[in-house]
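# Observations on chain architecture
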Amino acid sequence: MNKALKNAGGASVDGRLLLSMHRTMLRIRHFEETIRRLAASGAVPGLVHLCAGQEATNVGIIAALEDRDFIASHHRGHGHCIAKGAPVEGLMAEILGKASGMCGGRSGSMHVIDMERGNLGTNGIVGGGIPLAAGAALAARARGSDDVCVCFFGDGALNQGLLHECMNMAAIWKLAVVFVCENNGYGEFTAIDDVTAGPSLPGRGEVFGIPSEMIDGMDVQAVYAAARKAVDYARAGHGPSFIICNTWRFGGHHVGDKQEYKDDEETRAWRLRDPLLRSAKALSAAGIVSEEAIAQMEQDAISEMAALADGVRNGSEPAAQTLLEHVYG
Amino acid sequence: MDESRLMNFRDAVLEALFLEMRADPNVILVGEDVGAAGGVFKQTQGLFDEFGDRRVIDTPISEPGAFGMAIGAAMSGMRPVFEVMFGDFMTLCMDQLVNQAAKVRYMSNGAARVPLVLRTTMGTGANLGPQHSQGFYAWAAHTPGLKVVIPSNAADAGGLMRAAIRDDDPVLFFEDRLLYNSSCEIASGLPIVPIGSARIVREGRDVTIIAIGRMVAFAQEAADRLAKDGVDVEIVDPRTILPLDEATIVGSVKKTHRAIVVDGAPRAYGVTGEIAATIMEQAFDWLDAPVMRIAAVNAPVPVSRSLEPLVRPDANTIENAVRAAIA
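Residues numbered from 1 in each chain as written. Chains lettered and ligands numbered in written order. Predicted model: local features only at pLDDT ≥ 70, side-chain atom pairs only at ≥ 80, totals over all residues. Heavy atoms only, no water.

Turning our attention to the overall build of chain A. Along its length, chain A carries 12 helices and 7 strands. Considering only C-alpha atoms, chain A reaches an extent of 55 × 50 × 40 Å along its principal axes. When each of the 329 residues of chain A is scored for burial, the buried share is 57%. As displayed, chain A has an accessible area near 12900 Å², and 51% of this comes from carbon and sulfur atoms. Side-chain charges in chain A split into 30 positive and 39 negative, and the spacing between the mean points of these groups amounts to 3 Å. (Helix = DSSP H or I, 4+ residues; strand = E, 2+ residues; numbered from the N terminus. Buried < 20%, exposed > 50% of the residue type's maximum accessible area, 1.4 Å probe, protein only. Areas by Shrake-Rupley, 256 points an atom, 1.4 Å probe, with all protein chains shown as cover. Lys, Arg positive; Asp, Glu negative; His and termini not counted. Charge placed at Lys NZ, Arg CZ, Asp CG, Glu CD.)

Rendered as structure tokens:
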């Protein structure tokens, strides 16, 4: 179980860690599939954005963090919540706006905050989480702590001024921040190439003197290796890093998006790069676990999530008298 | 018995910062030129020398990002005082203020909090023009989750700053620059002034003036003149507009039966309308005259030395309004 694995990109991780990351990715995939079904049946209030396809970036980055470290997520953030340890039943109930949800039904999918696990929240404002994570790093510096903070954002946030402001400040103050762009190719319905100038995305970090790299975000081992390096660098007090994970969202911008702006050929090619297929293959090729055991892991994830759906859907709505609670302390 | 001291507004707020930063290592000060430079209005002098660059943090001119970072710092355990040099620049922070800071506690069902003070200057009277004179407190007070403080004198400024730093919710603290050199006697120890309590500045029988910030001084000047003619004015200073101490305001109006609300920011959709409506709802049967509103004109603030004073109310406009109200 402990043998080190080598993948094509040269990244290697411990076999037990790969198995654990694979299991978390499976849980995220089938959590999202359950949410998709619930949304299609009308059980989810408002908009919901799924991260199926992007599991390797969620899991590979967070696997390099300690429990005490912070993350800030974005509107496609269920996977980050789960990878950081959120209870899936509470998260599912929150997305359905139920009383038993992690935030009492106030936040829904896009504003889940989980302070107990250092999750500063999914966020309805594109780029909105970036300064929150950088600010947690500023607080760590003021306290003399070596906590590390990860900001997740999509390619849509690459053109928000907030990102560049926070990169500048993180660099001048050597804050323990890892900027992680999950580049899934589209900001809502618009392709990245149509709205993003310049020859180099890593260049956007390099101008601030921030070590920056672009990696295969469909390969959890490559993501983990990049994260390990960036997190260690931050924790040692050297400052921020910037990782661009090229990935793909298997669904649309939100559940119900017909995705007419996507090219079928491109979609087929990315489907073949499914991060779960890749890590399953690596696990069985290295003899970490059998193909049967991997299939059983997937069945377990499907059963775990499917078993929750009915109970959550039939759960209580928040009571009317809670409406005004927690506006102020 | 401890002696009181004469202290000006600027020094009272500065002393509040010293006291709270000494009392709690989680209090940090973040802003432009707040550190070694000591503040462009000399309002943070000495803090950098005592607390160092980890707690007194000079930012680039980068308000949206820096303010967003102050929110993240607050969520993760600090008590930042974030300084926006001119209130006009608060617009650059509005997304972080309204969509993040104000809502974090609610969105997290009470699990997260943002104990943060946004401190900023405002006010007409220095010919600073359309982009350096505005007071956006009415904008802020339209956002549930925020608290909004507008001190009118040195003692309240120091005491309210102490309360704001200790508060577990985001507090906006508006300082009129033309009050910075105004002094008053302050009790030893700089007593904390609770957020949400109005002050009866002057007791009277004939009419209540509810005045915001620097307008309190103009109201006092008008009241002194009116007293010579036997008109007895009561002045209420709300001190914080969110939460608003409705009981003190309504109680005063029930006693005097007349109310005039005075504000130095534009009248439309502003603080005077909110307070006037509150009086109508809670004291209509006690009123002998319609509630009057006096506020700044609905126009930007011009630079011209002759035009700028016409923008906002002063002692004359208040005096005239009182005479009309009691006629």
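A side chain of one charge can pair with a side chain of the opposite charge when the charged atoms of the two come close. For the structure on display, the rule yields 42 salt bridges over all chains. One salt-bridge network, held together by shared partners, links Glu221, Arg225, Asp229, Glu319 and Arg323 of chain B. (Salt bridge = Lys/Arg side-chain N within 4 Å of Asp/Glu carboxyl O.)

All right, on to the sheet that holds strand S1 (residues 70–72) of chain A then. Residue and element names in this part refer to chain A. Spatial strand order, S1-S2-S3-S7-S6: 5 strands in an open sheet with parallel pairing. Here the strands that pair on one side only, and so sit at the sheet edges, are S1 and strand S6 (212–216). Adjacent strand axes in the sheet meet at a mean angle of 20°, parallel and antiparallel pairs treated alike. Direction of pairing for S6 relative to strand S7 (residues 241–246): parallel, over a ladder of 5 bridges. Looking across to S7, one finds that Met214 is bridged to Ile244. (Pairing = 2+ DSSP bridges. Axes fitted to C-alpha atoms, helices over the stretch in contact; angles between N-to-C directions.)

To continue, consider the interface of chain B and chain A. Facing the 40 residues of chain B at the interface are 36 residues of chain A. With both sides pooled, the region where chain B packs onto chain A buries about 3200 Å², and carbon together with sulfur makes up 67% of that total. When the area that chain B buries against chain A is broken down by residue, the three leading residues are Met69, Tyr106 and Met107 of chain B, summing to 24%. Where chain B touches chain A, the interface holds 0 salt bridges. The tally of links from chain B across to chain A stands at 11 residue pairs in polar contact (both at pLDDT 80 or more). Of all the elements in the fold, those that place two or more residues in the side of chain B that touches chain A are strand S3 (56–58), helix H3 (63–75), helix H4 (94–101) and helix H5 (104–107) of chain B. (Contact = heavy atoms within 4.5 Å. Buried area = accessible area lost by both parts, 1.4 Å probe. Polar contact = N/O pair within 3.5 Å; in protein donor to acceptor, adjacent residues only side chain to side chain.)

Here we take up the packing of aromatic side chains. Taken as a whole and judged by the stated rule, the model has 13 aromatic pairs over all chains. Ring centres of Phe153 of chain A and Phe242 of chain A lie 6.3 Å apart, and the angle between their planes is 20°; on these two criteria the pair is classed as stacked. Note that Phe153 of chain A is positioned in strand S2 (residues 149–154) and Phe242 of chain A in strand S7, a separation of 89 residues in sequence. Note on accessibility: Phe153 of chain A and Phe242 of chain A belong to one class, buried. When the ring of Phe41 of chain B is compared with that of Tyr180 of chain B, the centres are 6.2 Å apart and the planes differ by 75°; the resulting orientation is edge-to-face. Placement of Phe41 of chain B in the loop between strand S2 (27–31) and helix H2 (47–51) and of Tyr180 of chain B in the loop between strand S7 (171–176) and strand S8 (183–186) is noted, with a sequence separation of 139 residues between them. Grouped by ring-pair contacts, the aromatic residues Tyr186, Phe189, Trp248, Tyr261 and Trp270 of chain A constitute a single cluster. (Phe/Tyr/Trp six-rings, centres within 6.5 Å; stacked < 30°, edge-to-face > 60°.)

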